[in-house]
Amino acid sequence: MIESLLQRKIEKRPGKVTLRGRILFLTEDPELIRRQLAGEDLPWDTRNPANNPKLRDDISTDEITPAHICFFFDETLGEFPYTGLKCGNEVPIQRGDVKKGGFVAAVSGKRRGKGSSREQSPYAERSAGIQLVIAENIERIYKQNCQNLGVLTSTDFGIIDKIRSGEEIPLAEFTRGEDEITRQIIEYGGLFPFNVARMQGKVVLPKIETGPRAMTLAEKIFARHLLNDRGEAGVPYVKPGDTGFARTDLRFSHEYVTPMAAIFFEHFVGKEAPVNDPASILFFRDHLTFLDEVLSEQKRKMGLLDLATQLKLKQMDFGKKQGIRLHGELTDRKGSEGICHSIVLESYALPGQLNVGSDSHTPHVGAIGCVAFGIGTTDVFNSWITKDVRVKVPESVKVVIRGRRKPNVTAKDFILKILSLDYVRSGKALAKVIEYSGEAIADLSVDERATMTNMAAEIGGFTGIVASDEKVVDFLVERRQMDRGAAEQLIAGLDGDPNAAYAHLIELDAAEITPMVATPGDPGNGKYVRDLHTPVPVEIAYGGTCTAGKNEDMDMYARVLADALGRGRKVSSNCQFYIQFGSQETRDYCLRKGYLDIFQKAGATVIEPSCGACINAGPGVSTRPDQVVISAQNRNFPGRSGPGQMYLASPLTVAASAVAGYIVEYEPSQERELVGA
C-alpha cells in the first residue's frame, strides 16, 4: 500500500447536482444536430416520446472518439467528441463544436457506447463539458468508464426537464438501482478517490453472504477470486448481483491505453511509486505498428503520427521503469510480436483464472475456460495500485449450438448468427456472461472457440466462456509444452453445476446455419450469404486481427487458396487480399505448414502481426465511401476501418470472395466452381 495515499484528503461530492448548460440531442437527422451546434435548443417532449425526432441508436465509441483521435491522451480530447458520429450519410460534428456549444448533457437512444473499451470517449465528453449522458440503455464498459471518471449516466429521460428548469437534482437520482460499490464510486466522484477512501477505511464494502447454491462456470471462477471480509481471495458462493473486488491473475494493456493510465498513475499516485506485482502485468505494442502506411497527409499535418510515436515511447519508458514485460515491435523487420489477445491465449492465460485487459476483446481467452473481461484506463491504473478490480457478478446467458455444422460453416458464422438475434440486438444480453456449449461448440478447436468468446464483446456481454475439456488440455500441451497431468489438474472440476440458473437460453441447430455476412454498419446486421440477392463486388478482402489471425484461421485461408490454385485460379484482379498474422507464433506455424508459398502464389499480400486495419491503422483499410470490403475482423461500425462499406464474414468466406471478386460462399467440393448468391 502506498503511504502517501493514506494521508490524502478525500471527500464525497455534494448530495445535490445542478447541471447548468445546454442539452445535445444526438439525432438521426444531421440538420437537427447542426441547428443545435448553431445555438438552437431543440424542444423535447419527455411525456410523449413519439413526438420527438429519432435519436441515434448503437452509437459506438468509434463514433464518439474515432481511433486516430485516441492518439491524444490529455484534455485535448475535449475538442473531438462525436466527430465520428454518422447521421444518415453525414458526419455533422466537427472539431471544437461540442465544447463551444456549452453542452452539459448528451442524449441518445439504445446501446450507447458499444464497441471498444476506450476510456478516451467519456474523457473527451467530460473535457468538452458533458457532465451527464442519457440513453435508453448503456453498454457496460462505457458506463463503467463514465462512472470511473465522474461522468453521470442515466436512462431516465425525465431528467431532461429538470436540467432545463434549473432544478437541483439529488445525486441519488444517479445512484438509484446501482450496487453498493458503484453507488459509492459515484458519490466520491470516480474510482480513484473511492479507492483512496477504501484504503483509508472510509467506505463500506458489502459482505458477500450468499449461501449454498448451484453455480455456473463463471460464477465459480468469480467465487474463487472475489475478496472476502479478511481481504483474501475466495468466497464459498456467489449469485448475480453480488458486488466486490476480485483479485486478478493477469492485467494487461496496450499502447492506446497504457500512456494515459501511466499519466494518471504518476499524477495521482506519484512518479516514483511502484506498481503492485509487476510480474502479473503485461504491456503490448500491437495497435499502431503499421500506422504510417495508411495515415493521411491531413492527419499527419495534425501531428498524429508524432503523437502515436509518443504513445509507444511513454509505454516503453513506464514499463522499463516499473519492470513490466513489454511485447513490443520486431527489431529485424516491421511488425510486432503479436496482438495482445493472441499472445495472452498462446502463452499466459490458464483455465480458471480471472484476467483483465485494456481492450473490449479481452474475453478472447475465455476459450480455455477462464473469466476475462475488458476494463477502461482508470480501472487499469487503479489495478496497478490494488491488484484487484471491481466486479458485480453478472447473470449468464447460455448459448447451446447442437448438431453438426456444414463443412463451409465456422465459428464466425455461428457468432454472426447469434448477433443477428432479436434478444441480442435489443440489448437484452448486455453485461451478461455468454456461455457457449453444445455438440457444435465441443467440436470446435480452441482457436475457433476464441472467435466465439472474442466476439462476446460485439454482443455487449460481460465476457464469453467455454468450459474446459480435453481439447483445452491438448492446446496447453501442444502450444505451451505443459505437462499433460498438470493441464488435466487445471481443468478438474472446472465446469458449471447441472442445475445452475441462467437469465436466458439461446438454442441453435448448427445444421440450419449456412455461411453468414454482417452487412455494413453493425456486426448485428447478419444475413446468410445466399440471401444477398445481387452480387456484391469487393475491392478489398482482409483476413487477420485477434479474431481471425490465429493458426486455424490461417488453415482456412490456405485451404481456400490452395483449392483455387488447384483449379488454376488466383485472387481476383479486381480485389486486394491481405492476410495478417495475429502473432509471430502463428507466422512460424504458417512457415512450417508451407502456407506463405500458397499465399504468395495465389496473389495475397502477407502482413506481419499487428491490429492494423481493424482499427484503421494498417493495410486493408478502405479509402473511399463506395469501396466494398469483406473482412474477417470483429466490427464494421461506421468509420472504424475507413470510410468504405464493410461486410464481416468468416475466413473461408473472405478468402473465397477474394478469389471470386464478389461475396460468395466457399464451396469445398473440388468439382464445383465458386458460385454467387
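The notes below deal with the structure included here.

Another point: the sheet that holds strand 9 (residues 281–284). A sheet is described by the order of its strands in space; here five strands give the open sequence 10-9-8-11-12, paired in parallel fashion. Each edge of the sheet is formed by a strand with only one pairing partner; in this case those strands are strand 10 (325–327) and strand 12 (371–374). Along the sheet, successive strands turn relative to each other by an average axial angle of 20 degrees, direction set aside. Those strands touched by helix 14 (residues 304–322) are strand 8 (250–254), strand 9 and strand 10, and its axis lies near 155 degrees from that of strand 9.

Take helix 12 (residues 258–268) next. Since the α-helix advances by 3.6 residues per turn, residues separated by three or four positions end up pointing in the same direction. With eight of 11 residues buried, helix 12 is to be regarded as a mostly interior element. Within helix 12, burial applies to Thr258, Pro259, Met260, Ala261, Ala262, Phe264, Phe265 and Glu266. Close packing links the buried residues of helix 12 with helix 5 (120–127), strand 8, strand 9, helix 14 and helix 16 (377–386). After helix 12 finishes, the residue Gly270 shows a positive phi value of roughly 140 degrees.

The subject of this paragraph is the pattern of salt bridges. Scanning the entire structure with this criterion turns up 56 salt bridges. Glu90 is the salt-bridge partner of Arg34, the closest N and O atoms lying 2.7 Å from each other. Here Arg34 is found in helix 2 (residues 30–37), whereas its partner Glu90 is found in the loop between helix 3 (61–64) and helix 4 (97–100), with 56 residues between them in sequence. With a relative accessible area of 32%, Arg34 lands in the partly exposed category.

A few words on unusual backbone geometry. Positive phi is not limited to glycine here, since Tyr82 has a value of about 70 degrees. Following the sequence through the fold, Tyr82 ends up in the loop between helix 3 and helix 4. The class of Tyr82 is buried, set by a relative accessible area of 1%. At Thr545, a position not held by glycine, the phi torsion is positive, near 75 degrees. Tracing the backbone through its elements, the reader meets Thr545 in helix 24 (residues 545–548). Residue classification places Thr545 among the buried positions, given a relative accessible area of 2%.

Turning our attention to empty space enclosed by the protein. Within this structure, the stated rule accounts for four cavities of 30 Å³ or more. The volume enclosed by the largest cavity comes to roughly 220 Å³. Taken together, 22 residues form the lining of the largest cavity, with Ser116, His287, Asp359, Ile615 and Arg640 sitting closest to its centre. Classifying every residue of the lining of the largest cavity gives seven nonpolar, 11 polar and four charged. If you add up the space inside the second largest cavity, you get close to 120 Å³. Looking at the second largest cavity, it is lined by 15 residues, and the ones nearest its centre are Gly115, Glu139, Ile141, Ala457 and Gly461. No other element matches the three residues that helix 6 (residues 140–149) contributes to the lining of the second largest cavity. Class assignment for the residues of the lining of the second largest cavity results in five nonpolar, seven polar and three charged.

About the cut-offs
- Residues numbered from 1 in each chain as written.
- Predicted model: local features only at pLDDT ≥ 70, side-chain atom pairs only at ≥ 80, totals over all residues.
- Heavy atoms only, no water.
- Pairing = 2+ DSSP bridges.
- Helix = DSSP H or I, 4+ residues; strand = E, 2+ residues; numbered from the N terminus.
- Axes fitted to C-alpha atoms, helices over the stretch in contact; angles between N-to-C directions.
- Contact = heavy atoms within 4.5 Å.
- Buried < 20%, exposed > 50% of the residue type's maximum accessible area, 1.4 Å probe, protein only.
- Salt bridge = Lys/Arg side-chain N within 4 Å of Asp/Glu carboxyl O.
- 1 Å grid on protein atoms, 1.4 Å probe; cavity = no way out; pocket = protein on both sides within 12 Å on 5 of 7 lines; lining within 4 Å.
- Points joined across faces, edges and corners; volume = space filled by probe spheres on them.
- Nonpolar A, V, L, I, M, F, W, Y, C, P; charged D, E, K, R; others polar.

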